Amino acid sequence: MAAMEAGPVPATLAPEDAARDASEAAGAGPEAPLLPAGNRLSLHLHPGGCRRLLRLCAQQAPQLLEVDFLQLSGHEDPQLLEAALARLPWSLPRLRSLVLKGGQRREALGACLRGSLATLPASLSSLARLAHLDLSFNSLETLPACVPQMCGLNALLLSRNCLSELPAALGALPALTFLAVTHNRLQTLPPALGALSSLQRLDLSGNLLEALPPEIGGLGSLAELNLASNRLQSLPSSLAGLRALRLFILHSNLLASVPASLARLPLLTRLDLRDNQLRDVPPELLDAPFVRLQGNPLGRPPPDPPSPPGTPVVPEMPRLLLTSDRDSFAVTPQGCSVTLACGVRLQFPAGATAAPMTIRYRLWLPEPRLVPLGPHDALLSGVLELQPHGVAFQQARPGQGGEVGLWLLFVPPRARRCREVVVRTLSDNSWSDLETHLEAETPKRLWAHCQVPHFSWFLVVSRPVSDACLVPPEGTLLCSSGHAGVRVTFPAGATEEPQHVRMQVVRVGSRELPALLGEPEAASSPLLCLSQSGPSSFLRPVTIQLPLPPGVTGEGSRVARGRGGAQKGRPSQRPQPLSPPGLSLDRARLHLLHRAAPAAAWDDITAQVALELTHLYARFQVTRFSWYWLWYTTKACVGSLARKAWERLRLYRVNLIALQRRRDPEQVLLQCLPRNKVDATLRRLLERYRGPEPSDTVEMFEGEKFFAAFERGIDIDADRPDCVEGRLCFVFYSHLKNLKEVYVTTALDRRARAVRGQVSFYRGEVPEVVPEEAEAARQKRGPAALWMATLPIKLPRLQGCEGPTREPGLSLAPLNLGDAETGFLTQSNLLNVAGRLGPDWPAVALHLGLPYRELQRVRHEFRDDLDGQIRHMLFSWAERQAGQPGAVGRLVQALEQSDRRDVAEEVRAVLELGRRKYQEGIRHTSLAPGNLTSPDRLPSPSPEPAQA
């Protein structure tokens, strides 16, 4: 093969031979090689990316000489990958950024897979211009020897590998400013690390470090140091030499003391010491505003004296406190206690894992495909996903106690009588409920605690109290814990094999049925749901006892209905009473209703069973389980009425509100509220918002979709993942906030006059458990049945030069934060953020890490221009962060810490939309890997999920 003009062919031809063979094999295929777009060549998502690169190198494509960014997948065949990398110094001589990340593929259970990359060819050390090298999420056990020889390297990312140590030669990188070695197995650091005089950011979180070398104090340029989630017990006094340090993260370690000299670091703006073993800290740190000490045993007495010699020492379980920019953590066989940024707590006992394991988490917004609810269930939390899916944990060591514990925050349910709170999870492609214990931190801060054998999806629901038993062949009795009068008697011989039986009782309000039927004397018993495992029918009849409807007393008699009894709708001949006269029961008005899931119809089976009545109860026998309901009414055709009544039981009466922020009318708050919470919510919001009166009361089902559409000249001012064809999508859950804040705009000229528009709310899809008749009735009434409410929105007339248009003199360089895979913010997005901050910008700037004197300088330079202050601060910060990982996450965190969660949510929405468009683009070009896990692959929620 002829040499490229950029350099001679190396003497060792083995990689070249491999490359030639690979490129020839690739060239046999019909597809053409992918040419670089500009100076970037991204092949990590293309099948056979290394083959494509080898083919381009073999063709000596002139475009390769201009490429300065290359990304390949770490999941490529190791031989092809080595052959492709060996060609880089001669085929891509101007390469400045090389990304060889793994983690793009997942196993069948959903866990991310490490890349196969375990080494690098020595020839890569001749990439003279290489400044950025990302080897994250691979299988490196030692640092390749060529890396310390890359003298121009500026950023080195080695996170999520298997490194147990770093070589001393790493200190020979004079230009290195950023080093990330998170989530590895580092136990010590080389003293030569202190020779990195240009290093500004060092992230070593998620390792096994127990001490730091004193030489680390020689990092004179270091501005950010992250040592969270290690095993540090003390800190060297040489840290006082880090005179440029601004951010020092030490949470979730085992620190028992910290040097007082940390308080004298001149530029330090944040010292995070949360969740350590500090019982006392120097006064200089105790009073410093930039120090965080939550989760330490401050002021508590020291532990008990040490045990006698020879007694084994049990180390205290490490505690981790994750920040919002982290979505994973490491668990070792020692165990740990973890608090996620979303408030979820996890506890891994010692021995739960046999080897170190990386756990990933994500909190999903609730939507029907992720939330399986029964007909009378209510959602109380978001949806938590924990990975790797399905990996079983080891049994805890003797004396350590328990399985992996999970604590989920949930909204206190409004109705608690005859209801219970449980954690629901996906296991073996079906949803089930875990044994759940409730813990109250405060009256309004409640935890649902359960033990989990493996990881999957988890959510908290409120359901009717469920009673269960195992029915043996000898028979048994099952009683309801929520209503003492409901019981089921299983005779001997009802089943040949033991069967699991479950009972749920739903209380019915005394006013519901009379209001629906227009009959004051109408009443009903509790609603009974029975289910069973195994055969659908019992071998012998099972006796069910239901209480008579309220206000109705029975006679000691047995009323036979059937071929010799009364016909449906006609009174039967009353038998001779066995009790004193004056009782209120009219047997012709008593109806036993039955519903067989999944059908929505209710049938009157009074004429098909033998009802035995006492003063308080009705008993009957069945051989198969379903739903049962006892009515007392003068109505004849009660089946259709029962369907309406059952629908009414699950409807919530709500009001819709639309408010505009007082200082920024383009910011609109939309919310769906239960009728009894509207007044209190408006009193709280009207200090910052104003708007029309709430809508009239409408009725909605749990889990029902609805949409908000801006009309009459007003549109949503950003692409959002929850915006479909200009309509904002909602899903109603009675206990959650159902709130969204959006920014609106208009194409009309606001300088001439105000724009008077409106927002209308329309119904969408209803849950699967809603009776078919309810949906059919809505469709029968036509499009008007989908409309719920319309509320006015007014954008005031612009005064002077105000408005979203940019001033003619404003000139900002093109700028993007982030990347296409994780989402990025464009210059337009940043301008939009700047336009929303207003007087809150100094708080945001301080949380972004800007020193106070820089804020004073910006205020002075733009002292008569608030918008100029905000834009200069934000864009100057963004320019410094360009190309740095995690910049967008820091911006979102700063907005939340400054109490501007509305803007933070908008930024998250923009990022999510970018990620979705990126993935859709990959799918459209058939480049997406086939084993990616997404919520779309979850089993469809059953209308009546199994409950344990």
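These numbers were taken from a predicted model, which means no experiment stands behind them.

Moving on, we come to the overall build of the chain. For the chain, the helix and strand inventory stands at 15 helices and 50 strands. By residue count, 51% of the 948 residues in the chain fall in the buried class. The long-range fraction of contacts in the chain, counting pairs at least 24 apart against all pairs at least 6 apart in sequence, stands at 63%. Of the roughly 43600 Å² that the chain leaves accessible, carbon and sulfur atoms contribute 52%.

Let us look at the packing of helix α2 (residues 49-58) against helix α3 (residues 78-86). Between two packed helices, the angle of one axis relative to the other and the distance separating the axes together describe the packing. Interhelical geometry of α2 versus α3 gives an angle of 35 degrees and a closest axis separation of 9 Å. Where α2 crosses over α3, the handedness of that crossing is left-handed. Two secondary-structure elements touch here, α2 through C50, R51, L53 and L54 and α3 through L80, L81, A83 and A84. In terms of residue class, the contact of α2 with α3 is built from seven nonpolar, no polar and one charged.

Spatially, five strands are ordered β44-β45-β42-β47-β48 in an open sheet, and the strand pairing comes out antiparallel. Strand pairing shows two members of the sheet lacking a second neighbour, β44 (723-724) and β48 (787-795), which therefore form its edges. Sheet topology places strand β42 (residues 704-711) next to strand β45 (residues 727-732); six bridges connect them, and they run antiparallel. Along β45, the bridge assignment pairs F707 with C729.

Any two side chains of opposite charge can pair, on the condition that their charged atoms come close. Applying the stated criterion across every chain yields a total of 21 salt bridges. Among the ionic pairs, R857 bridges to E861, the shortest N-O distance being 3.1 Å. Of this pair, R857 and E861 both sit in helix α12 (residues 852-861), four residues apart, which is roughly one turn of that helix. If you follow the salt bridges from partner to partner, you end up with D377, E420, R424, D433 and R463 in one network.

The next subject is the confidence of the model for the chain. Of the residues in the chain, 80% have a pLDDT of 70 or more, and the chain-wide mean is 79. No element of the chain has a lower mean pLDDT than helix α1 (residues 14-27), at 42, and none a higher one than strand β17 (residues 378-379), at 94. For residues 396-401, every residue scores under 50 in pLDDT, and the model assigns this stretch ten contacts once sequence neighbours within four places are set aside. Across residues 801-813, where pLDDT falls below 50, the model places twelve contacts with residues more than four positions away in sequence or in other chains.

Within helix α14 (residues 887-897), eight of the eleven residues are buried, which leaves it mostly tucked inside the rest of the structure. Three or more residues of α14 are buried, namely A887, V888, R890, L891, V892, Q893, A894 and L895. Count one or two residues on from α14 and you reach D899, which has phi positive near 60 degrees.

All right, on to helix α7 (residues 638-649) then. For α7, built from twelve residues, the straight-helix expectation of 16 Å at 1.5 Å per residue is met to within 8% by its first-to-last C-alpha distance of 16 Å. Considered for burial, the residues of α7 that qualify are V638, G639, L641, A642, R643, A645, W646 and E647.

Moving on: unusual backbone geometry. Residue P388 is bonded to the preceding Q387 through a cis peptide linkage, with omega at 10 degrees. For P388, the position within the fold is in the loop between β18 (383-387) and β19 (404-410). In this structure, R160 takes a positive phi of about 60 degrees despite not being glycine. The residue R160 is located in the loop between β5 (155-157) and β6 (178-180) in this model.

So, how was this worked out
Residues numbered from 1 in each chain as written. Predicted model: local features only at pLDDT ≥ 70, side-chain atom pairs only at ≥ 80, totals over all residues. Heavy atoms only, no water. Helix = DSSP H or I, 4+ residues; strand = E, 2+ residues; numbered from the N terminus. Buried < 20%, exposed > 50% of the residue type's maximum accessible area, 1.4 Å probe, protein only. Contact = heavy atoms within 4.5 Å. Areas by Shrake-Rupley, 256 points an atom, 1.4 Å probe, with all protein chains shown as cover. Axes fitted to C-alpha atoms, helices over the stretch in contact; angles between N-to-C directions. Left-handed = near helix turned anticlockwise from the far one by under 90°. Nonpolar A, V, L, I, M, F, W, Y, C, P; charged D, E, K, R; others polar. Pairing = 2+ DSSP bridges. Salt bridge = Lys/Arg side-chain N within 4 Å of Asp/Glu carboxyl O. pLDDT = per-residue confidence, 0-100. Expected span 1.5 Å × (residues − 1).

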